[in-house]
Amino acid sequence: ITAVARDSAGNQASTSVSVTVSNTASLPTDLVIYHDGLSSNWINSSWNATVTFQSSERVSSGLSSIKVVQNAWGGFRLHSGSWDRPVALSTTSYSSFNVSVFGGSVGVSIGIYFENDLNQSFPTVKNLWVQPNQWRKISLPISQLNPNNQIVHRVVIQDLSGRQRTYFLDDMSFVSSTSMTASARDAETPAEFPASFGLDQNYPNPFNPLTTIAYAIPFEANVTLEVFNMLGQRVALLVDQTQHAGTYSVTFDARSLASGTYIYRLQATAANGSGTQPLVEIRRMTLLK
């Protein structure tokens, strides 16, 4: 920039002034909630659950994880800020919510959702099945958990089986939209979209009267999950709907049925009408009263 000046006699002089203009804005970064310890902004607000924040029993990465011993209708919950001074979280600059879950000795059927202190509603992502004695990295799009871009005060993670469960959580964070690279997304795909169709053995088996049935769908499909007695009569229809690719679990309540052996059948037909043959898998289970 050239500056022009005049003295008292009207003589003109000029000088050059260098001005550096920066238009570099700070880019959003990942918001880490837990890695070897709970971030200071978050407090434990779980209900009907005993939570240990620095457990070394099971660790996905680092030195510790969160151990959750959840009662039948409890849940793990974190609150942003204190109850009297909540800290509102805007999720608009984040692409996903990530958490690693260890399924404990029997596996867990996880549900994840957000809450806020304004009593606004958020969708729940359900039936995220985590196999027994395995870690699973779960990565959910923010658009799925918070489609209306509401502020968030609480994060809830809970087993939905309706029974007491012990599981572990690790590496919990909101991932910035600028840091989610294509290679990272590709690396997570196998965990979220199973490569093959499959029906697991129910657990527990034998059971009385509740048991969990888990299955995997590798593509969007019209899915039915049915239970039959040994005479071929259908005694329960557990699933009859279109489902996206993923892993699911269903709790079967057999308290109205007599002891004995039952057959459960999973069938999936491609929802895009491609004309392919339905995929079918059958297993047996035993009810003991």
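Residues numbered from 1 in each chain as written. Predicted model: local features only at pLDDT ≥ 70, side-chain atom pairs only at ≥ 80, totals over all residues. Heavy atoms only, no water.

1. Description of the pattern of salt bridges
Stage number 1. If you walk through the whole model with that rule in mind, you get eight salt bridges.
Stage number 2. In this structure, Arg154 and Asp117 form a salt bridge, with 2.2 Å as the shortest nitrogen-oxygen distance. Taken together, the residues span a long stretch of sequence, with Arg154 in strand E11 (residues 154-159) and Asp117 in the loop between strand E8 (108-115) and strand E9 (125-130) at a distance of 37 residues.
Stage number 3. For Arg154, a relative accessible area of 9% corresponds to the buried category.
Stage number 4. In this structure, the salt-bridge partner of Arg283 is Glu281, at a minimum N-O distance of 3.9 Å. (Salt bridge = Lys/Arg side-chain N within 4 Å of Asp/Glu carboxyl O. Helix = DSSP H or I, 4+ residues; strand = E, 2+ residues; numbered from the N terminus. Buried < 20%, exposed > 50% of the residue type's maximum accessible area, 1.4 Å probe, protein only.)

2. Notes on the pairing of strand E15 (residues 221-228)
Stage number 1. The buried fraction of E15 amounts to seven of the eight residues, a majority that puts the element mostly inside the structure.
Stage number 2. Across eight bridges, the pairing between E15 and strand E16 (residues 234-243) is antiparallel. Its bridge partner lying in E16, Ala221 is registered against Gln243.
Stage number 3. Here E15 folds back onto E16 in antiparallel fashion, the turn holding five residues, of which Gly232 has a positive phi close to 85°.
Stage number 4. One ladder, built from eight bridges, connects E15 with strand E18 (residues 260-270); its direction is antiparallel. What sits directly across from Val227, in E18, is Tyr264. (Pairing = 2+ DSSP bridges.)

3. Re the nonpolar core
Stage number 1. Judged by nonpolar contacts, the single largest core of 33 residues is most densely connected at Phe76, Phe97, Ile112, Ile157, Leu169, Met172 and Phe174.
Stage number 2. Apart from the residues within four sequence positions on either side, Leu169 is in contact with Tyr34, Ser65, Ile66, Val68, Phe76, Val99, Ser100, Val101, Trp135 and Ile157.
Stage number 3. Counting residues in each nonpolar core, the second largest holds 23 residues, with Phe207, Tyr215, Phe252 and Met285 among its members. (Core = buried A, V, L, I, M, F, W, Y, C linked by side-chain atoms within 4.5 Å. Contact = heavy atoms within 4.5 Å.)

4. Let's talk about the sheet that holds strand E13 (residues 198-199)
Stage number 1. In spatial order, the strands read E13-E14-E17; together these three strands make up an open sheet with antiparallel pairing. Among the strands making up the open sheet, the edge pair consists of E13 and strand E17 (246-253).
Stage number 2. Pairing of E13 with strand E14 (residues 210-217), which is carried by two bridges, proceeds in the antiparallel orientation. For Leu199, the partnering residue across the bridge sits in E14 and is Tyr215.

5. Notes on the sheet that holds E18
Stage number 1. A sheet is described by the order of its strands in space; here four strands give the open sequence E16-E15-E18-E19, paired in antiparallel fashion. Strands with a single pairing partner mark the edges of an open sheet, and in this sheet they are E16 and strand E19 (279-287). Averaged over all adjacent pairs, the angle separating strand axes in this sheet is 15°, with direction ignored. (Axes fitted to C-alpha atoms, helices over the stretch in contact; angles between N-to-C directions.)

6. What to know about the side chain of Asp170
Stage number 1. Looking at the secondary structure, you find Asp170 in strand E12 (residues 165-176).
Stage number 2. Polar side-chain contacts of Asp170 include one of 3.0 Å to the backbone nitrogen of Ser60.
Stage number 3. Discounting chain neighbours no more than four positions away, the residues touching Asp170 are Tyr34, Val59, Ser60, Ser61, Ser64, Ser65, Val99, Ser100 and Trp135. (Polar contact = N/O pair within 3.5 Å; in protein donor to acceptor, adjacent residues only side chain to side chain.)

7. Quick look at the packing of aromatic side chains
Stage number 1. This structure, assessed with the given rule, holds 10 aromatic pairs.
Stage number 2. Centre to centre, the rings of Phe114 and Phe122 are 6.4 Å apart; their planes meet at 75°, and the pair counts as edge-to-face.
Stage number 3. Residue classification places Phe114 among the buried positions, given a relative accessible area of 1%.
Stage number 4. Consider the rings of Phe114 and Phe174, whose centres lie 5.6 Å apart with planes at 40°: the pair is tilted. One end of the pair, Phe114, is in strand E8; the other, Phe174, is in strand E12, and 60 residues separate them in sequence. For the pair shown, Phe114 and Phe174 are each scored as buried.
Stage number 5. By way of ring pairs, the aromatic residues Tyr94, Phe97, Phe114, Phe122 and Phe174 are connected into one cluster. (Phe/Tyr/Trp six-rings, centres within 6.5 Å; stacked < 30°, edge-to-face > 60°.)

Fair warning: the whole summary comes from geometry, so function is off the table for now.
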